[in-house]
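Residues per chain, in single letters:
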Amino acid sequence: MDFTRLAINRRTALLTSAAIAANVINPLRALAQETPRKGGVFNVHYGAEQRQLNPSIQASTGVYIISGKIQENLVDLDADGKPVGVLAESWEASPDGKTVTFRLRKGVTWHDGKPFTSADVAFTAMNMWKKILNYGSTLQLFLTAVDTPDPHIAIFRYERPMPLNLLLRALPDLGYISAKHLYESGDIRPNPVNLAPVGTGPFKFVKYERGQYVMADRNPDYWRPNAPYLDRIVWRVITDRAAAAAQMEAGELHYSPFSGLTISDMSRLSKDKRFVVSTRGNEGNARTNTLEFNFRRKELSDIRVRRAVAHAINVPFFIDNFLGDFARLGTGPIPSTSTDFYPGAGTPQYPYDKAKAAALLDEAGYKRGSGGTRFSLRLLPAPWGEDISLWSTFIQQSLSEVGITVEIVRNDGGGFLKQVYDEHAFDLATGWHQYRNDPAVSTTVWYRSGQPKGAPWTNQWGWQDPAVDKTIDDAATEVDPARRKALYAEFVKQVNTEVPVWMPIEQIFVTVISARARNHSNTPRWGSSSWHDLWLSA
Amino acid sequence: MRIFRLAGRRLAASIPTLALILVGVFLLLQFAPGDTVDAMMAQMGGGDAATAKELRKFYGLDLSIPAQLGNYLWRLIRLDLGFSSIYGKPVASVILERLPPTILLMTASLSFAFFFGIVFGVIAARGVNKWPDTLISILGLIFYATPSFWFGLMAIVVFSIYLQWLPAGGFENIGALQTGIWRTLDIARHLVLPTLTLGLIFLAIYLRIMRASMLEVLNLDYVRTARAKGLDETRVVIRHVLRNALLPMVTLIGLQAGTMLGGSVVVESVFSLPGLGRLAYESVVQRDLNTLLGIVFVSALLVIVVNFAVDLVYARLDPRIAAEG
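Just so you know, these numbers come straight off a predicted model, no measurement behind them. (Residues numbered from 1 in each chain as written. Chains lettered and ligands numbered in written order. Predicted model: local features only at pLDDT ≥ 70, side-chain atom pairs only at ≥ 80, totals over all residues. Heavy atoms only, no water.)

S.K.: Sorry if this is basic, but what is going on with the overall build of chain B here?
M.R.: A count of helices and strands for chain B gives 14 helices and zero strands. For chain B, the N- to C-terminal ordering of α and β elements is α-α-α-α-α-α-α-α-α-α-α-α-α-α. Dimensions of chain B along its principal axes, counting C-alpha atoms only, are 85 × 55 × 40 Å. Taken as a whole, chain B presents about 16400 Å² of accessible surface, with 70% of it coming from carbon and sulfur. A distance of 10 Å separates the average location of the 27 positive side-chain charges in chain B from that of its 20 negative side-chain charges. (Helix = DSSP H or I, 4+ residues; strand = E, 2+ residues; numbered from the N terminus. Areas by Shrake-Rupley, 256 points an atom, 1.4 Å probe, with all protein chains shown as cover. Lys, Arg positive; Asp, Glu negative; His and termini not counted. Charge placed at Lys NZ, Arg CZ, Asp CG, Glu CD.)

Encoded structure:
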């Protein structure tokens, strides 16, 4: 490994982190007292076009970044990360956890003028969330019916107890409502409304030119008084990250969400007064870098080898030198940003210790052979994000120092998912685990056994542990919040002991936004939220 | 009448090639791991197995590969390019939308490169080994050796960020949509930098070819005759040399028009233009077979047409070629 170059990297990384810290705090504090200004066009970087834009049938930030302004969810998260009503005004659960009642907001209309009612909620929940929406179909697996005794009351009935705090933390992402009258006839998936969304939100869809831009205008009949401030939002399709950074600098873009620029451009722009570069407002989109082990490889099914691999990699060094201020040391599948469930760092950890790694490998019976090699492994890195690419190279070099040769096999998105989660043609794999505010949404599937072959981001390691399965199942239906938190702490302890997947780095997406923007980044999922209070200063 | 017969013969000869290309691309994409549903899952950030199965059925991927290929070819015979899984609409209309920016950019940069290639090539050849020749040759080498994405980004930095003369990207001004002549001018403004970026590399090739071919023709006997007749040098160059020196240029433009019609992924990405190159790239990453095959089909057709046109131009430039054909 070339340490001289890394030393320079380290210095620049530290300098830029100081600059970022300074830049983040100042503009926000200084401008707290201004009067909002109406008008203006807000230009947003849109990096990857989706096949459709309806958030009721596709849960991804690439959809929310646009349709989160056009369609609305039942609840969203407030500045403290607590659920706050949007289309729902209040809610309550029955003591057995099998019914949840939502009282809906009155006087809300769809962009085409029809009134919003509980029939829309029932239709969306039963036909979209339960049947089509990714993660929604798992969350609503035991949903049996949605009763609508009144146009403004929706009662969700579950076969098994549904913890209210799980539902409320999942619904900001998995709770977008679509209009029943536009979807009730014909198939939902090919419905053209999916590409010209109609909602109740602060902005009305205007136009989508594929490959170029999406446009939405102010909704004059929006239910929140005096909102929104902006006249228009334009999402510009720019696939090249360097070109997007150039357009930010040329003033043609105001906002690049979700780490849409290269790490070096983000560091550079953070020193420019015209921009704010920060992880703030993305706490609800935390992710961890993974190292996934395939137990079908004899060596990796030995717990001593997995632990040795973890001990052989100097994670703090990697973070300091390559990710800088944009990442921190992870302690397991539940990231520290998840205040409701984070169990602390007291669970089993694997700090960097090369001697211990070597000793564990010797003990497992894999002594250094000729040329100092113990055995070789194939590592498949996911193609999203430059951090994964850097991380995979770092793993390769770290493991070669303890005598494990690693061959890196790169694929594009479809190829990576197929080879890892369907064909199991990997020894090690690395990518991102997305944490969605509650471990039951998209985290426990990484560990629960019995996942169907081919389901991406699930336990495809050839590993199962009845004790872990039981903890996961108990927690998923536990209605008492305190007991649920304790169960997830137990879960983290168990999986950190067994390490079928190691999650040593925590990351939050980075926002690059014009310093003219006000009221931005003020909720944990701001990029996805409705932007009803966003405005541009002169 | 002869032209039509020739055209018919050419078209008939290219059908087997076309079929071979389509089947080849279809099979090649089968070797790539993952299908369009895997790609979609990657984009969505996950989903369960039931969703995936449902989607595979929706996209017709539950059939066997020979059945899928058979279906595709049968549809093609009926001139139906199929349905795009990324865009959710017929491939023909997706391609039709992307064709105008591609053709505009390609025509603009090829004309730019062709015209200035001729001018600089002639200047260089006439002052061979003197300073204009050296200067032009060095510039040509620099243009040729510089990667186009770097050129593009530097052009954005200079003309859009510092000087603020030209837009940094996009096909037209979205903030204020214009109509008529203003829209034309607006699009032209947006195409200046991409045209230069794409054109400079081709310019380098053209001026080298033009220079070499001019030098060759300048030494032929009939040029000496023309000079001996007492014609002035400009007349000799324009009427006698240029026309014959153009033949290799025409060959080259025929070949390159074909490649360029496939679009330029790099320039389209750097300048955020909605062209065929980016569409093709996206269809590979998203494993959208129908769209990719559609693009291959359309570009292959265009190549055949352009090559035919080039043959006709040959005949005009040099009547001996037509006599043999």
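S.K.: I would appreciate a short explanation of the domain arrangement of chain A in the present structure.
M.R.: Size of an interface, as often reported, equals the accessible area lost when the parts are brought together. All names here are of chain A. Each domain of chain A was delimited in the assignment, giving domain 1 (10-23 + 38-47 + 202-282 + 510-536), domain 2 (61-183) and domain 3 (284-507). Taking the mean C-alpha position of each, domain 1 and domain 2 sit 27 Å from one another. Contact with domain 1, which involves 26 residues of that partner, is made by 23 residues of domain 2. Both sides of the domain 1 and domain 2 interface together cover about 1900 Å² of buried area, and 61% of this is carbon and sulfur. Of all residues in domain 1, W223, W235 and R525 give up the largest surface area on contact with domain 2, accounting jointly for 34% of the area buried on that side. On the surface where domain 1 and domain 2 come into contact, there are two salt bridges. (Domains from an automatic or database assignment. Contact = heavy atoms within 4.5 Å. Buried area = accessible area lost by both parts, 1.4 Å probe. Salt bridge = Lys/Arg side-chain N within 4 Å of Asp/Glu carboxyl O.)

S.K.: What am I meant to see in the packing of helix α10 (residues 315-323) of chain A against helix α12 (residues 386-401) of chain A here?
M.R.: All names here are of chain A. Relative orientation of the contacting elements α10 and α12 amounts to 140°, with a least axis distance of 11 Å. Relative to α12, the element α10 lies oblique. For the pair α10 and α12, the sense of crossing is right-handed. Along the contact surface, α10 presents V315, F317, F318, F322 and L323, while α12 presents D387, L390, W391 and F394. (Axes fitted to C-alpha atoms, helices over the stretch in contact; angles between N-to-C directions. Parallel < 35°, antiparallel > 145°, perpendicular 65-115°, else oblique. Left-handed = near helix turned anticlockwise from the far one by under 90°.)

S.K.: Sorry, what's going on with the interface of chain A and chain B here?
M.R.: Taken together, the 48 residues of chain A in the interface contact 48 residues of chain B. Summed over both partners, the interface of chain A with chain B comes to about 3900 Å²; 54% of that surface belongs to carbon and sulfur atoms. Three residues stand out in chain A for area buried against chain B, namely A:R51, A:R189 and A:R210, and they jointly supply 21% of the buried area on that side. Across the chain A-chain B interface, the total number found is one salt bridge.

S.K.: Honestly, the sheet that holds strand β4 (residues 88-93) of chain A in this entry has me stumped. Any pointers?
M.R.: Within a sheet, adjacent strands bond to each other through the backbone by hydrogen bonds, running parallel or antiparallel. Residues and elements named next belong to chain A. Ordered by their spatial adjacency, four strands build an open sheet running β4-β5-β7-β6, and the pairing between neighbours is antiparallel. Edge positions in the sheet fall to β4 and β6 (143-150), since each has one partner strand and no second. Strand-to-strand twist of the sheet, defined as the mean angle between neighbouring strand axes without regard to direction, takes the value 20°. Relative to strand β5 (residues 99-104), β4 runs antiparallel, the two being bridged by five bridges. Each bridged residue has a counterpart across the sheet, and for E92 the counterpart in β5 is T101. Contacts between helix α3 (residues 118-129) and the sheet are confined to β5, β6 and β7 (153-158), with β6 contributing the most and set at about 170° to the helix. The strands touched by helix α5 (residues 164-174) within the sheet are β4, β5 and β7, with β5 carrying the most contacts at an inclination of about 45°. (Pairing = 2+ DSSP bridges.)

S.K.: Help me understand helix α11 (residues 354-363) of chain A in this model?
M.R.: Think of an α-helix as turning once every 3.6 residues; residues three or four places apart then point the same way. Residues and elements named next belong to chain A. Regarding α11, the residues found buried are A357, L360 and L361. The buried residues of α11 occupy an angular sector of 95° when the element is viewed end-on, so they sit on one face. Residues of α11 that are exposed and point over 90 degrees away from its buried face: A355 and E363. Looking at the packing, one finds that the buried side of α11 touches α9 (303-311), β15 (375-381) and β16 (404-408). Positive phi appears at G365, one or two residues downstream of α11, with a value of about 95°. (Buried < 20%, exposed > 50% of the residue type's maximum accessible area, 1.4 Å probe, protein only. Arc of directions from axis to C-beta.)

S.K.: Please clarify how the packing of aromatic side chains should be interpreted in this entry.
M.R.: The description of two aromatic rings rests on the distance between their centres and on the angle between their planes. Residue and element names in this part refer to chain A. Applying the stated criterion to the full structure yields 36 aromatic pairs over all chains. With a centroid separation of 6.1 Å and 85° between ring planes, the pair formed by W432 and F509 is classed as edge-to-face. Separated by 77 residues along the polypeptide, W432 in strand β18 (residues 432-434) and F509 in the loop between β19 (501-508) and β20 (511-514) bring together distant segments of the chain. Residue classification places F509 among the buried positions, given a relative accessible area of 7%. (Phe/Tyr/Trp six-rings, centres within 6.5 Å; stacked < 30°, edge-to-face > 60°.)

S.K.: Help me understand the pairing of β7(A), please; the structure alone is not making it clear to me.
M.R.: Residues in a regular strand point their side chains to alternate faces of the sheet. Residue and element names in this part refer to chain A. Judged by how many residues are buried, β7 sits mostly within the fold: five of six residues are covered. Across five bridges, β5 lies against β7 in antiparallel orientation. Residue pairing for β7: R103 is matched across the bridge by I153. Pairing analysis gives five bridges linking β6 to β7, with the strands arranged antiparallel. The residue bridging D147 from the neighbouring strand is I155, located in β7.

S.K.: Help me out: how do you make sense of a nonpolar patch on the surface in this one?
M.R.: All names here are of chain B. Together, F149, W150, M154, V265, V266 and Y281 line one region of the surface with nonpolar side chains, adding up to about 550 Å² of accessible area. Of all the secondary-structure elements, those providing two or more residues to the nonpolar patch are α7 (148-162) and α11 (265-270). Examining the composition of the nonpolar patch, we find that three residues originate from one element, α7, more than from any other. Looking at where V266 falls in the secondary structure, it is placed in helix α11. Note on V266: relative accessible area 36%, which makes it partly exposed. (Patch = residues over 30% accessible without salt bridge, like charges linked within 9 Å, V, L, I, M, F, W, Y side chains within 5 Å.)

S.K.: Got a minute to help me understand the nonpolar core in this structure?
M.R.: Side chains of a nonpolar character, in soluble globular proteins, are inclined to be buried together. Core analysis: the biggest nonpolar cluster contains 157 residues, and A:F42, A:L74 and A:F156 have the highest contact counts within it. Ignoring sequence-local partners within four residues, the contact set of A:F42 consists of A:L230, A:R232, A:I233, A:V234, A:H254, A:Y255, A:I513, A:A517, A:W531, A:L534 and A:L536. (Core = buried A, V, L, I, M, F, W, Y, C linked by side-chain atoms within 4.5 Å.)

S.K.: Please explain empty space enclosed by the protein as it appears in this structure.
M.R.: The rolling of a water-molecule-sized probe over the atoms marks out the regions of remaining empty space. On inspection of all chains with the given rule, the structure shows three cavities of 30 Å³ or more. Here the largest cavity defines a volume of roughly 90 Å³. Every residue along the wall of the largest cavity is listed here: A:Q212, A:R236, A:V237, A:I238, A:Q247, B:G169, B:G170, B:F171, B:E172, B:I174 and B:S272. In terms of residue class, the lining of the largest cavity is made up of four nonpolar, five polar and two charged. A:G330, A:T331, A:G332, A:P348, A:Q349, A:Y350, A:N496, A:V499, A:W502, A:M503 and A:P504 are the residues that line the second largest cavity. Residues of the lining of the second largest cavity, tallied by class, amount to six nonpolar, five polar and no charged. (1 Å grid on protein atoms, 1.4 Å probe; cavity = no way out; pocket = protein on both sides within 12 Å on 5 of 7 lines; lining within 4 Å. Points joined across faces, edges and corners; volume = space filled by probe spheres on them. Nonpolar A, V, L, I, M, F, W, Y, C, P; charged D, E, K, R; others polar.)

S.K.: I would appreciate a short explanation of α3(A) in the present structure.
M.R.: Counting buried positions over the 12 residues of α3(A) gives nine, a clear majority of the element. Among the residues of α3(A), A:S118, A:D120, A:V121, A:A122, A:F123, A:T124, A:A125, A:M128 and A:W129 are the ones counted as buried.

S.K.: It is not clear to me how the side chain of A:R436 should be interpreted in this structure. Could you clarify?
M.R.: Within the secondary structure, A:R436 is located in the loop between β18 and α14 (439-442). In this structure the side chain of A:R436 is engaged in a polar contact, spanning 3.3 Å, whose partner is the side chain of A:S442. (Polar contact = N/O pair within 3.5 Å; in protein donor to acceptor, adjacent residues only side chain to side chain.)

S.K.: Any chance you could explain the environment of B:L141 here in plain terms?
M.R.: All names here are of chain B. Within the secondary structure, L141 is located in helix α6 (residues 131-145). On the basis of relative accessibility, which here comes to 58%, the residue L141 falls in the exposed class. A sequence separation of 63 residues divides L141 from A204, and the C-alpha atoms of the two residues are 6.7 Å apart.

S.K.: Would you take a moment to explain the environment of B:L166 for this structure?
M.R.: All names here are of chain B. Within the secondary structure layout, L166 lies in the loop between α7 and α8 (180-218). On the basis of relative accessible area, L166 is assigned to the buried category, the value being 17%. Distance in space between the C-alpha atoms of L166 and L193 is 7.8 Å, their sequence separation being 27 residues.

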